[in-house]
Amino acid sequence: MKALVVIYCPRQERSRTKQLADYSARLLKSKGVVVDLLDLVKDVPDLLMPERLAAYYNRNYVGQKLDAREQEYLKKMDRMTAQLKGADIVVLAYPMYNFSQPAVVKAWFDSVMQKGETWDISQGGYAGLMKARKALIVSSSGGAYEGDLSALDHSSSLSKQLFEFMGYRTAVVSAAGINRYPEKEAEILSAARVQIETALAAFTG
Ligand SMILES: Cc1cc2nc3c(=O)[nH]c(=O)nc-3n(C[C@H](O)[C@H](O)[C@H](O)COP(=O)(O)O)c2cc1C
C-alpha cells in the first residue's frame with residue numbers, strides 16, 4: 001500500500017498542523033505503508049493562467065496533441081497528478097486561512113483534478129476515477145465552527161467535496177479552536193491524533 005502526504009504548513013516546524021501530518025506519516029509507516037511526501041511550501045503548484053488553461057483544455061477536453069511548449073506548461077500539473085494517482089491513501093494537511101483552504105492548496109486541487117485522469121464525464125454524468133482510494137483531510141483552525149457557525153467553515157468541507165468528486169472515500173480531522181481556547185491546545189491536538197488513528201485504521205484495515 002502507498003500513501004501520499006500533502007502538506008501546506010508555512011509555519012513549518014512551529015506549525016501545529018504539521019505535527020499532525022508528521023504523526024499521520026509515522027502511523028502509516030508503522031503499518032508498513034510506503035509514504036511519499038509533497039510539501040507545497042517547497043513545491044508550489046502552478047496556476048491555471050491563460051496558456052496553461054488553454055493547453056489543459058485542448059488536451060483533456062478536445063483531445064488535441066500538444067506541441068513541446070504546450071506540454072511544458074502542464075509538466076508540473078501532470079507530475080502532481082501522477083504522484084496522486086500512484087497513492088492508495090492521501091493525507092492532506094493545512095491550516096484554515098480566511099475560512100477556507102489556503103490558495104496553494106486550492107492550486108494543488110486545480111492541478112490534480114484533471115478530466116480524464118482523476119474524474120471524467122460519462123453518459124450518466126460526472127464520474128470519479130479514484131474509486132477505492134481514501135483521503136484523510138487534517139485541518140487546524142484558530143476558531144471552532146460548530147452549530148450555527150458551521151456554515152462559515154469552507155475549509156475541510158471543500159476538500160471533502162473535491163476528493164469525493166474524484167471518487168475518494170474521505171475522513172476529516174479538524175483541530176479546531178486552538179487560538180480561541182489556547183489553554184486547550186494540547187487537549188485539542190491529542191483528540192485530533194486519536195481521530196487520525198481511527199481514520200487510518202479504517203483506511204488500512
Ligand atoms: C493568514 C491567516 C488566516 C487565518 N484565517 C483563519 C480563519 O479564517 N479562521 C480561523 O479559525 N483561523 C484562521 N487562522 C488561524 C489558523 O487557522 C490557526 O492558527 C492554525 O491553527 C494555524 O495552524 P499552524 O499552527 O499549522 O500554522 C488564520 C491564520 C492565518 C495565518
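In what follows, the structure referred to is the one given above.
Note that the structure is predicted; figures quoted are calculated from it, not measured.

1. Considerations on unusual backbone geometry
Right, on to step 1. For Gln12, which is not glycine, the phi torsion reads 45° and is therefore positive.
Right, on to step 2. Along the chain, Gln12 falls in the loop between strand E1 (2-7) and helix H1 (16-30).
Right, on to step 3. Unusually for a residue other than glycine, Phe99 sits at a positive phi of about 70°.
Right, on to step 4. Structurally, the position occupied by Phe99 is in the loop between strand E3 (89-95) and helix H5 (103-112).

2. Observations concerning the packing of aromatic side chains
Right, on to step 1. Counting across every chain of the model gives 11 aromatic pairs.
Right, on to step 2. Taken together, a centroid distance of 5.9 Å and an interplanar angle of 90° make the contact between Tyr56 and Tyr61 edge-to-face.
Right, on to step 3. Its relative accessible area of 9% is what places Tyr56 among the buried residues.
Right, on to step 4. Relative to Phe165, the ring of Trp119 lies with its centre 5.3 Å away and its plane at 50°, an arrangement referred to as tilted. With Trp119 in strand E4 (residues 119-122) and Phe165 in helix H6 (residues 156-165), this pair connects stretches of sequence that are 46 residues apart.
Right, on to step 5. Judged by its relative accessible area of 7%, Trp119 falls in the buried class.
Right, on to step 6. Linked through ring pairs, Trp108, Phe109, Phe163 and Tyr168 together constitute an aromatic cluster.
Right, on to step 7. One Lys or Arg, Lys184, reaches over the ring of Tyr181 and ends 5.2 Å from the middle of that ring.

3. Details of the sheet that holds strand E6 (residues 134-141)
Right, on to step 1. Taken in spatial order, the 5 strands of this open sheet run E2-E1-E3-E6-E7, and their pairing is parallel. Among the strands making up the open sheet, the edge pair consists of strand E2 (34-39) and strand E7 (169-176). Recorded for the sheet is a direction-independent mean angle of 15° between the axes of neighbouring strands.
Right, on to step 2. Summarising the sheet, E3 and E6 pair through 7 bridges and their orientation is parallel.

4. Things to note about the site of the ligand
Right, on to step 1. Within the structure, the ligand sits among 16 residues, and Arg11, Ser15, Thr17, Met96 and Gly143 are positioned closest to it.
Right, on to step 2. Arg16 places a side-chain nitrogen or oxygen 2.8 Å from an oxygen atom of the ligand.
Right, on to step 3. Here the ligand, which alone exposes 640 Å², has 76% of that area covered by the protein.
Right, on to step 4. Of all elements in the fold, only H1 and E6 reach the threshold of two or more residues within the shell around the ligand.
Right, on to step 5. For the shell around the ligand, the per-class residue count stands at 6 nonpolar, 8 polar and 2 charged.

5. Some remarks on H6
Right, on to step 1. Among all positions in H6, only Ser156, Ser159, Leu162 and Phe163 are buried. Along H6, the residues classed as buried sweep out an arc of 125° about the axis, all on the same side.
Right, on to step 2. Its buried side turned inward, H6 meets E3, H5, E6 and E7.
Right, on to step 3. Of the residues one or two after H6, Gly167 is the one with positive phi, at around 105°.

6. Focus on the pattern of salt bridges
Right, on to step 1. Per the stated rule, a full pass over the model turns up 12 salt bridges.
Right, on to step 2. Across the pair Asp110 and Lys106 runs a salt bridge whose closest N-O atoms are separated by 2.9 Å. Here Asp110 and its partner Lys106 are both found in helix H5, 4 residues apart, which amounts to about one turn of the helix.
Right, on to step 3. The exposure class assigned to Asp110 is partly exposed, which follows from its relative accessible area of 30%.
Right, on to step 4. Among the ionic contacts, a cluster of salt bridges with common partners joins Glu13, Lys18 and Asp22.

7. Comments concerning the nonpolar core
Right, on to step 1. Ranked by internal contacts, the top residues of the largest apolar core, which has 30 residues, are Val90, Trp108, Phe109 and Phe163.
Right, on to step 2. Those elements that provide at least two residues to this core are E1, helix H2 (50-60), helix H4 (75-85), E3, H5, E6 and H6.
Right, on to step 3. Looking at this core element by element, the count peaks at 5 residues for H5.
Right, on to step 4. Setting aside chain neighbours within four positions, we find Phe109 in contact with Leu92, Gln101, Ser159, Leu162, Phe163 and Met166.
Right, on to step 5. In this structure, Leu27, Ala171, Val173 and Leu189 belong to the second largest nonpolar core, which totals 27 residues.

The rules behind each value
- Residues numbered from 1 in each chain as written.
- Predicted model: local features only at pLDDT ≥ 70, side-chain atom pairs only at ≥ 80, totals over all residues.
- Heavy atoms only, no water.
- Helix = DSSP H or I, 4+ residues; strand = E, 2+ residues; numbered from the N terminus.
- Phe/Tyr/Trp six-rings, centres within 6.5 Å; stacked < 30°, edge-to-face > 60°.
- Buried < 20%, exposed > 50% of the residue type's maximum accessible area, 1.4 Å probe, protein only.
- Lys NZ or Arg CZ within 6 Å of the ring centre and 35° of its normal.
- Pairing = 2+ DSSP bridges.
- Axes fitted to C-alpha atoms, helices over the stretch in contact; angles between N-to-C directions.
- Near = heavy atom within 4 Å.
- Polar contact = N/O pair within 3.5 Å; in protein donor to acceptor, adjacent residues only side chain to side chain.
- Areas by Shrake-Rupley, 256 points an atom, 1.4 Å probe, with all protein chains shown as cover.
- Nonpolar A, V, L, I, M, F, W, Y, C, P; charged D, E, K, R; others polar.
- Arc of directions from axis to C-beta.
- Contact = heavy atoms within 4.5 Å.
- Salt bridge = Lys/Arg side-chain N within 4 Å of Asp/Glu carboxyl O.
- Core = buried A, V, L, I, M, F, W, Y, C linked by side-chain atoms within 4.5 Å.

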